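Analysis of the macromolecular model
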Amino acid sequence: MSHDRSTCLFCKIADGEIPSTRVYEDDEFVAFRDIRPAAETHVLVIPRQHIATLADCAESDAPLLGRMLVLVGRIAKDLGVSYTGGDTGYRTVVNTGPGGGQEVYHLHAHLLAGPRPWQRMG
Ligand code: 5GP
Ligand code: ZN
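Reading guide: rules and limits
- Per-chain numbering applies: the sequence of each chain, read as written, is numbered from 1 onward.
- Whichever chain is written first becomes A and whichever ligand is written first becomes 1, with later ones labelled in order.
- Whole-chain, interface and lining totals are the exception, using all residues; otherwise, since this is a predicted model, local features are given only for residues with pLDDT of at least 70 and side-chain atom pairs are given and counted only at 80 or more.
- To obtain the side-chain values, all non-hydrogen atoms of the structure were used and water was disregarded.
- Each helix is a run of DSSP H or I of at least 4 residues and each strand a run of E of at least 2, with the numbering of both proceeding from the N terminus.
- In this treatment the radius of gyration is a C-alpha quantity, and the globule benchmark scales as 2.2 Å times the residue count to the 0.38 power.
- Burial classes: relative accessible area under 20% of the type maximum marks a residue as buried, over 50% as exposed, and values in between as partly exposed (1.4 Å probe, protein chains only).
- Two residues qualify as a contact provided that any one of their heavy atoms is within 4.5 Å of a heavy atom in the partner residue.
- Throughout, the Shrake-Rupley method with a 1.4 Å probe supplies accessible areas, and for residues the shown protein chains are the sole cover considered.
- Only four residue types enter the charge count: Lys and Arg as positive, Asp and Glu as negative, with His and the chain ends excluded.
- A single reference atom marks each charge: NZ on Lys, CZ on Arg, CG on Asp, CD on Glu.
- The pairing criterion for strands is at least two bridges between them, as found by DSSP.
- Helix axes are fitted only over the stretch in contact, all axes being lines through C-alpha atoms; the angle between N-to-C directions runs from 0 to 180 degrees.
- Nitrogen, oxygen and sulfur within 2.8 Å of a metal are treated as its donors, or within 3.2 Å for sodium, potassium and calcium (Na, K, Ca); water is not counted, so a site can appear incomplete.
- Every geometry call rests on angle ranges, with four donors termed tetrahedral when all angles are between 85 and 135 degrees, four termed square planar and six termed octahedral when opposite donors are over 155 degrees apart and all others are between 65 and 115, and everything else termed irregular.

Turning to the overall build of the chain, a few remarks are in order. A tally of regular secondary structure across the chain gives two helices and five strands. Beginning at the N terminus, the succession of helices and strands in the chain can be written as α-β-β-β-α-β-β. Rg of the C-alpha trace for the chain: 14 Å, near the compact-globule value of 14 Å for 122 residues, within the 12% margin. Overall, the chain is about 45 × 30 × 30 Å in size when its C-alpha atoms are taken along their principal axes. Residue burial in the chain is summarised as follows: out of 122 residues, 42% are buried. Considering only contacts in the chain between residues 6 or more positions apart, those separated by 24 or more positions represent 54%. Surface accessibility of the chain: about 6,800 Å² in total, with carbon and sulfur atoms responsible for 53%. The averaged location of the 15 negative side-chain charges in the chain is 5 Å from the averaged location of its 12 positive side-chain charges.

Each regular strand carries side chains that alternate between the two faces of the sheet. Sheet topology note: the strand β1 (residues 22-25)/strand β2 (residues 29-33) ladder contains three bridges and is antiparallel. Directly across from Arg 22, in β2, lies its bridge partner Phe 32. The hairpin formed by β1 and β2 contains three residues between the paired strands.

With respect to topology, five strands assemble into an open sheet ordered β1-β2-β3-β5-β4, the strand pairing being antiparallel. In this open sheet, the two strands that pair with only one neighbour each are β1 and β4 (91-93). Taking each pair of neighbouring strands and ignoring which way they run, the sheet shows an average axis angle of 20°.

Protein coordination at the zinc ion (ligand 2) comes from Cys 8 (SG), Cys 11 (SG), His 50 (ND1) and His 106 (ND1), with a distance range of 2.0 to 2.3 Å. One can describe the donor arrangement at the zinc ion (ligand 2) as tetrahedral, given that its four donor atoms subtend angles of 105 to 116° at the metal. The sequence pattern formed by the donor residues of the zinc ion (ligand 2) is C-x2-C-x38-H-x55-H. One end of the pair, Cys 8, is in the segment before α1 (9-15); the other, His 50, is in the loop between β3 (41-47) and α2 (62-78), with 42 residues separating them in the sequence. An identical accessibility class is assigned to Cys 8 and His 50; each is buried.

A few words now on the pairing of strand β5 (residues 109-113). Most of β5 sits inside the fold, with five of its five residues counted as buried. Side chains Ala 109, Leu 111 and Ala 113 of β5 all project onto a buried face; the interleaved residues His 110 and Leu 112 project onto the opposite face, where all are buried too. Two strands pair when backbone bridges link them, and β3 and β5 are joined in this way by five bridges, in the antiparallel orientation. Counterpart to Val 45 in the pairing with β5 is Ala 109. Relative to β5, β4 runs antiparallel, the two being bridged by three bridges. Looking at the pairing, Arg 91 lines up with Leu 112 of β5.

Laid out in structure tokens, this is it:
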């Protein structure tokens, strides 16, 4: 899988060059349904900015990372899968590098929710 911005799948999805089922977008982030969902709700949240992995993030990326995580919570709410007590809630996963199971080298957070069993972690 390429680490290069010009051939990056998620940059192309963010730019609309490759179609996706979007659930949210603003100037900074895009969220869309995973093409191979592991759970009933499986959404990927990405920054429009090309950052390959979480390991590439520095202190200066903290505000962006913070907003990204807050956005995951907001999208979970919008999709009706937020934590509202009882058995409700969702999982947020950021795979990093081959050792973490990362397949696409553009930073993304998985948002997973729904009845078990799930196909995989995210
Ligand atoms: P990773 O393993 O890198 O954390 O997750 C990459 C995710 O991207 C996988 O869950 C995979 O199913 C999803 N994915 C790969 N290609 C596409 C695509 O073209 N469109 C969408 N919507 N999801 C994709
Ligand atoms: Zn990219």
